[in-house]
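# Topology and contacts: notes
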Amino acid sequence: MTWSELKPAAKAFRIAHAAFAVVSMSSLAYVWLSALTRRRDRLLAGGVAVLSFEAVALVVGRGNCPFGPFQARLGDPVPLFELVLPPRAAKAAIPALAVVSVMGLLAVAARGPQLPPRWADASR
């Protein structure tokens, strides 16, 4: 289905869904950046919250986006990932991103925050 064939409500939903996907992917990238740099800040907390919300949504949808049926009722039968990936790869993207998300969160927890240099010197 092409963009011009979509109803206005389906177009609006597709834009909102794509925006949320950008926020989700940015959150995932920031979680990994925080794990690698041992940085802890409010942006990390926000990223964890976004990924947690997404995880709950995927549980509710039993591994699929819970908005799929709503999207289809709006007249857009094409899942978001299938707009950029072939159908088989799009179906594999959800579990793959779930694994990458869990591993990133585990890496953040395992590496812990980096202590400022003055605290490290005071412990000697």
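Right above here is the structure, for reference.
Residues numbered from 1 in each chain as written. Predicted model: local features only at pLDDT ≥ 70, side-chain atom pairs only at ≥ 80, totals over all residues. Heavy atoms only, no water.

One finds Leu 28, Tyr 30, Val 31, Ala 35, Leu 44, Leu 51, Ala 107 and Val 108 forming the largest nonpolar core, which totals eight residues. Contributions of two or more residues to this core are made by helix 1 (8–37), helix 2 (42–60) and helix 4 (87–111). No other element matches helix 1, which puts four residues into this core. Other than its neighbours up to four places away in sequence, Ala 35 contacts Gly 104, Ala 107, Val 108 and Arg 111. (Core = buried A, V, L, I, M, F, W, Y, C linked by side-chain atoms within 4.5 Å. Buried < 20%, exposed > 50% of the residue type's maximum accessible area, 1.4 Å probe, protein only. Helix = DSSP H or I, 4+ residues; strand = E, 2+ residues; numbered from the N terminus. Contact = heavy atoms within 4.5 Å.)

Here the focus is the packing of helix 1 against helix 4. Contact geometry of helix 1 with helix 4 gives a least axis separation of 8 Å together with a crossing angle of 30 degrees. Classed by the angle they form, the pair helix 1 and helix 4 counts as roughly parallel. With respect to the hand of their crossing, helix 1 and helix 4 are arranged in left-handed fashion. On helix 4, the residues that touch Met 25, Leu 28, Val 31, Trp 32, Ala 35 and Leu 36 of helix 1 are Leu 97, Val 100, Ser 101, Met 103, Gly 104, Leu 105, Ala 107, Val 108 and Arg 111. Each residue belonging to the contact of helix 1 with helix 4 can be placed in one class, and the counts come to 12 nonpolar, two polar and one charged. (Axes fitted to C-alpha atoms, helices over the stretch in contact; angles between N-to-C directions. Parallel < 35°, antiparallel > 145°, perpendicular 65-115°, else oblique. Left-handed = near helix turned anticlockwise from the far one by under 90°. Nonpolar A, V, L, I, M, F, W, Y, C, P; charged D, E, K, R; others polar.)

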